[in-house]
Structure formats: structure tokens, C-alpha cells
Amino acid sequence: MRPNPHPGTAQTLDDLADFLRDLRTAAGSMPFRRIRDNIRAHRRAQSIPDDAPSIATLHGYFKHGRVRMSPGTVLDIARALGLDAAALASLEQTCHRVLERADRSLIVTTRAAVPAPTPRFTGRTEDRARIVRLVQNARAAGESAFIVIEGMAGIGKTELAHQAARDLADAGLVEGPGLSADLRGYDPLEPPAAPDAVIRGFLGHLGVPGRRIDVLSPAARAALLHGELASRETLIVLDNAADTAQVEPLLPRGTPCVALVTSRRRLTDLAAATRIPLDVVTADEAVDLLREHDRTGRLDAAPEAALALVDLCRRLPLELAAVGRQLEGRPEWGIGDHVERLRRIPPAEHSGPVLALSYDGLPEPAQRLFRLLAIHPGRRYTAADVAALADASVSEIDRELTRLFDESLLLRRPAGAYEFHDSVRALAIDLANREDPASGQHAAVASLLRHYRTRLESGQDPLDADRADLLACLHVSGHDEAVAELANLLNRSLRTLGHYDEARICNERLLRLARRSGALAWEADALAGLAELDRLTGRFRIAAEGFAQARRLRAALGDRAGEADALRGLAQTSSNDDYPLAIERYRAALAIHRGVGNPVGEAEALWGLAEIALTIGDLTAAASQAEAVTAICRRIGNRLGEAYGMRAHADVLAEQGDLDAATRGYRASLDLCEQIGNRRGGAYAVRGLAGVALRGGDLDRAERRYRRALDTCHDIGDIAGEADARRGLAETALARSDLEAAADEFDAALPIYRETGDRVGEAHTLAGLGHVAWRRRDRTKARRHWRQALELAERGGLPLSAALREALDRNAVTDSV
């Protein structure tokens, strides 16, 4: 038998997969079924619940291309393959390090625009003209244009890309504001951006709902991006690429798009790309750049000193811009004075003496802020957030950020935000580590985390601009309690907004923190959070396992309210196909919440019971439970819960035929949802109003309202609501005898119901397709659809069963005649 490989060298998820493959080879290519049996045996011996991974899951851990791995599963597999205790301990540390890095690679800021170039951009005339010619030629040939701008740090790659983007827009060669992302290929602290995370961001900018993005595999997401760009002349700027493997999935080949890529590395293996290697600017261009900052004529009066100055800047645009600011700030100095000052700084001390001089010339408050920005976990800095980091007023910080920008030590971005250039950030990190005590840095980060927690607790923060920075805060060390609180809050906010994949990052980070520190309450929070995301994305079996694990932990902790929440989650996972079990779980949760005096939990359990009662036709119970939800939420000031309760009661009134009262209830629910900005609840209220119009025979109004609900659900990524709206449109078309439109809408709704496991919606949709087939005189198809619908309806105890049996009986009689 071969000796076991050592896990300590793994750096990526692919490396972990390679390690497991080598370990399996050393174990004689142990069959996967035996690996699973060994895992189960170990769990039984340790009295651990038997939730061993499936054979398919085990296979996946040995393959490249995963975006996530569970440390527990990696350790289970390694143990089953015979890894000893010491090596397992080393593997556990490696797993946490690798997974931390993998998580951070998923935190990426993308933009629905290309940043504007600096107003004083000069030079690179030939390179700019060449880029325009390349795109013109690609347009004439009907091809994509991929251009890689290569060169050393600080040479002006990013600025050239931004200026070229403007040139292409001015020439009418690209449409729209474009897409851009910093791929972080050479960031001093962060790992390179994962291509899949960039693709997610771009899809969101193109209007694809988050829920649709989340259910796809990475390969399918890449294909979707390329499909979305297939007919658009979009410009994509990919800045700071690490290598070809990072860039390749982001290039929409076979489309009319233009991609400008910048990299310090020569990407010679990137197919069909034109490479533009940058050298330092010429001496004349360098002096021209300095003239943009100095109109006094000093440079022309001392040409030899001017040339010495640009040589000391190594003719790098980044350093030339910094010296230009210094010329502006000291108009009384001669050019020779600036040369001598620069010569006194050893070039090897930093990336370049120019940046050090810019820092040295700052007043102490600006120097301190420069160093503090280096310890900010994110990459985007606003005055409000930095004020918390620096314990200063927003106006004071805004003034100092402007000063740093004026000294070319920060880049200014839209919406009042700032960023570092990588080279400048490296300087700031070095200075912070040299000059600031660790205790002061710890206190500053703690203040920033409190600031973000307060923002999230207020519930007023849309999170659109800085989700990546908030997620980055989850990876700071030495602040476990603050990070755990932030992870819980951020998870709820992201989940509400439909950013499920980012919410998953929060829970997985919390789970690792919990298991590392032995905090069972955090572990239960993380398991419940992951289970809720699995439920929302239709993974009901996995969700049920997660809620069951969370419930066991809550019970062990004596957390009755938490146990009841887990029971409610279990009820929700079973409410599509096992109503008796779901009702039992909701009632158990309701009893606990009432016992501990938790009105929010009580209302949530009653809401679940009301939904089931309405589905199975118990309108009396549904009305009572919906009224109770409304009353509880009104009493405690939960306006969203109140709106949902009113809508559920309106659903009952509509089923009872009281259309006027139902309309009033839906309108009241809609008004509340619009006041608090809950688009999902508003869409469902509009759908209820559409149903009232359909029942009342106002088909035009019904169609308008169903389309309004459909548009909103599509925009927010609520595919379950989208399916319900499409079914409503199908039923409206059927009432018009527009059989083709009815069939199209039913056909569109059916796969969504099946994907989300909504057996009720599937049954009603199959019944509708049966009616379409019957009206088309296709009796065989009608019977097939009705029988499929009846099987689902009888399993769920739906009132629809009686109507389906009647239709099948009537159909049989007609056939016999």
C-alpha cells in the first residue's frame, strides 16, 4: 500500500479533491460504497446521527470545479480512507484555511458600468488608436474582440482600459454603460475573484433575478451569461486578471461583445485575444503628464531637472500622478528641489519613493486615516463607514478622504466611494503594520463591525452598494462574537432580498466559526439558516435534514423558541406533500411559542396552519387562523405579518364568494406592503385581486393584474410566485377560450412547480392542461393529465379531487356514448 499523502500543501478546493484522490489511491482505490459504509460505522460508534453523504455526493468531492466543500465531509472521507489522527488534525486546519480562501474568492464587487478615466489622462495615443481599430475590424467581421493590456504594476493598464472604454463608446462601437470587475489577481490580502462570482454579479446587472441565478450550476450560469450577451454589443472590462483560467469563463465567445482585460502576467495562452504589452511612458509623455499638474512653466524652464524627475518616477503613470500632486502643493519649489527631495528616499524602501513622499507630506490625521484604511476588511470606502473605523465625524472623514484622493493615494468611485490602487494598498498595509499597535487596530475593526451591525439592525439599509464589503467583514479574525452577530443579521437581510448564494456564505462562515469554537448556539443558527435557504430553493430533503439537526441542537441547549422555529421549518418542508405531518409540526411549534410567550413565532406557526387549511378547503379554520395572525402582528407592530394575515383572510373570503370583502382585504394588504416596500407581498396581493376579477368575469382586469404580479415576481426572482401568476393567466385565457395561450402559460408554470416541489400548484396546472386538451377534443391527453392531477390531489387531500373524479367519470360516459 502506498504511503498516505500529506494534506498541508493544499491551497484550493481542487487541491483538496486531488488530496482525496491520492488518499483513495493509497487505500487501494476503495469503492465509494465502502467509503460510505465506513463513514456510517464511525458515526454509529460515536453516537452521531446517521446522515452520511450519498454516493453521488462522495463522487463529487473527488472532482475538480467545486465551489464549496463541507469540512466535516472531507474529514469523514479521509477518516474512512484510513488517515490517522495526527494527519486528520492537520487536514482539519488545512480545510478551514482553504475554505476561508474559497469563501473570500466569492466576495466580489462587480459594476454595471465602466469607471470613468481620470480627467488628466495623457499619452498612450497609439495604444488607444490600436484598440479602436481592433474593435472596428472585429465589428466588420462580425466577431468578438478580446484585448489584453499587459504590463507591470503602476504602468497605467487600468487607466488605459478606462480611457479606451470611453473611446469605444464615443465611436459608437459599444452600447450601454458596460460591465466591469476587479479580478484581484495580485491583491496583497485577498485571493483572486472566483469567475463564477463575477458571472453572478454580471447576470444580476443584466436583470436576471437572483433566484434564477442560484439554481444553476456554474457551467449553466456561464452559458446563461453568454446567452444574455449574445445580441448585445456590450463592453466588459476585466481588471487585474490573475491568469487565463480566471478570465476564460468570463469571455462571451461568439457574441458581438468587446472585452478589455488587464493583467501583470502575459496571457499568451488566451485564445483569440490580442495582447497589447505596455512599457513605461516616453519621457515626453511623462513630462506632458506633469504639465497637467503644473502650469507655472517650471518644467520647461529646467528641462534637465524635469527629465531627472520623470526618471526618478520610473516613468510610471501612478508615480507621475503622485509627483504631479506634489508640484501643485509646493508651487514655490523649483523642479530641482523636487528632484533632490525624491533622491533622499531609498527606492528599495517601498514600491517607489514617490508614494512614500506623498504619504510623508500628509498631516497626521490624514496619515492615520491612510493606515486605517489598510485594515478595513473591504475594498470600498465611504465616509460614513470609515468614520466608524476612525472614531471621527463623517464630515471630518470626508475631508480627509478628499485629501488622500488629491494626493493620488486613493481612487474615487461613484456614489462617494473610494478605493486603493493595489500598489498603494501594499504601502498602506506596510505602514499600518509598522506604525500602529495591534490593540488599536483591533479596536478600530470592532468599531466598524458595530457600525455595520447597527445599520443592519435598522432594517433600512438596501445593501446594494456594499454587500461585498459586509461579507468581507465576516472573515476578520479575533472578533468571533461580533462576526457571528453580523453573519446572522446579514443572512436575514440577504435572504429577504433574494441574494441566496451570498446568504449561504454567511451561514457557512458562521458554521465554521461555531465548530471551531464549540459554540452550539451558533452552529444551530447556521444549520437553520442553511436549511431555510435549501427550502427556498426547492431542496426539501436537504432542508429537512438541516432543520432536524438544528432542532436537536436547540433541544440540547434548552432553547425552546429555537426548537419551535426548527419545527416550523420542518413543517414547511413537508407542507407540499404530507399535510398531516406538517399540521402536527406547526401545532407543536405553536404550543411552544405560546408557552414561552413568543408572539412572532406564534403568528408564523398560525400562518402556516392557515395556508394548509385554505389548501385543503377547511375555510372556517383558515379564516380563524388568518384573523389571529392579523391581530397578533397588529398588536406587536409587525406590519408585514399583518399584511400577510389580511391577504390570507381575503383568500378565504374569495373562496367563500364574498368578492367585495375579499377585494377590500387584498387592497388593505397591498397598501401595507407598498408602504413598507415589500414587493413580494404586494405581488401576492395583486394576484389575489386578479383572482377576484377572474371570478367576477372581468377578464381584461384579471389579465392586467396577473401580468403585473408576474412582472414583479420575475423582477425579484420569486419563481414560485411567477408560476402562480402564469397559472392565473392560463385560467384567464381558458375563460376566454384562448386555448393556445392557456396551454402556453400552463406549460410555463408546470416545470416551476415541479422544480420547487409544489404539488398543489402542479395538480391544478395538470388539471388545467386536461381542460385545454378536452376543449381541443384530445380526450386521451385530457384523461392522462386529469389522472396525474388526481393522484397528486388525493395524496394531498385537496378539494380538487372531487372535481377531477367528476371530470374523469363524465369523460368515460362520453366515450361510451
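Anything mentioned here points back to the structure above.
1. Focus on the packing of helix 2 (residues 32-45) against helix 4 (residues 71-80)
Step number 1: Remark: helix 2 packs on helix 4, axes separated minimally by 9 Å, with the N-to-C direction vectors making an angle of 105 degrees. One way to sum up the angle between helix 2 and helix 4 is to call them roughly perpendicular. Along the contact surface, helix 2 presents Ile35, Asn38, Ile39, His42 and Arg43, while helix 4 presents Asp76, Ile77, Arg79 and Ala80.
Step number 2: Here the contact of helix 2 with helix 4 is built from residues that sort into 4 nonpolar, 2 polar and 3 charged.

2. What about the pattern of salt bridges?
Step number 1: Scanning the entire structure with this criterion turns up 59 salt bridges.
Step number 2: Across the salt bridge formed by Arg379 and Asp187, the nearest N and O atoms sit 2.0 Å from each other. Of this pair, Arg379 sits in the loop between helix 18 (364-375) and helix 19 (383-390) while Asp187 sits in the loop between strand 3 (179-182) and helix 8 (195-205), and the two are 192 residues apart along the sequence. For the pair Arg379 and Asp187, a shared accessibility class is recorded, and that class is buried.
Step number 3: Salt bridges linked by common partners bring Asp182, Asp187, Arg379 and Arg425 together as one network.

3. Some points on the state of the cysteines
Step number 1: This model, assessed by the stated rule, comprises 0 disulfides.
Step number 2: Free cysteine: Cys506, not disulfide-bonded; nearest cysteine sulfur from Cys473 at 11 Å.
Step number 3: Accessibility expressed as a relative area gives 0% for Cys506, which makes it buried.

4. Focus on the side chain of Arg184
Step number 1: Secondary-structure assignment places Arg184 in the loop between strand 3 and helix 8.
Step number 2: The buried charged residue Arg184 lacks any salt bridge, with Glu190 as its nearest oppositely charged partner at 4.8 Å.
Step number 3: Separated by 2.6 Å, the side chain of Arg184 and the backbone oxygen of Ile107 make a polar contact.
Step number 4: When neighbours within four sequence positions are excluded, Arg184 is seen to be in contact with Arg104, Ser105, Ile107, Val108, Glu190, Pro191, Pro192, Ala193, Asp239, Asn240 and Arg379.

5. Comments concerning helix 7 (residues 157-170)
Step number 1: Between its first and last C-alpha, helix 7 extends 20 Å over 14 residues, near the 20 Å set by a 1.5 Å rise per residue.
Step number 2: Taken together, the buried positions of helix 7 are Lys157, Leu160, Ala161, His162, Gln163, Ala164, Ala165, Asp167 and Leu168.
Step number 3: Where the residues of helix 7 are buried, they touch helix 6 (125-141), strand 2 (145-150), strand 4 (235-241), strand 5 (258-263) and strand 7 (411-413).
Step number 4: Gly172 occupies a position one or two residues after helix 7 and carries a positive phi of about 70 degrees.

About the criteria used
- Residues numbered from 1 in each chain as written.
- Predicted model: local features only at pLDDT ≥ 70, side-chain atom pairs only at ≥ 80, totals over all residues.
- Heavy atoms only, no water.
- Axes fitted to C-alpha atoms, helices over the stretch in contact; angles between N-to-C directions.
- Helix = DSSP H or I, 4+ residues; strand = E, 2+ residues; numbered from the N terminus.
- Parallel < 35°, antiparallel > 145°, perpendicular 65-115°, else oblique.
- Contact = heavy atoms within 4.5 Å.
- Nonpolar A, V, L, I, M, F, W, Y, C, P; charged D, E, K, R; others polar.
- Salt bridge = Lys/Arg side-chain N within 4 Å of Asp/Glu carboxyl O.
- Buried < 20%, exposed > 50% of the residue type's maximum accessible area, 1.4 Å probe, protein only.
- Disulfide = S-S within 2.5 Å.
- Lys, Arg positive; Asp, Glu negative; His and termini not counted.
- Polar contact = N/O pair within 3.5 Å; in protein donor to acceptor, adjacent residues only side chain to side chain.
- Expected span 1.5 Å × (residues − 1).

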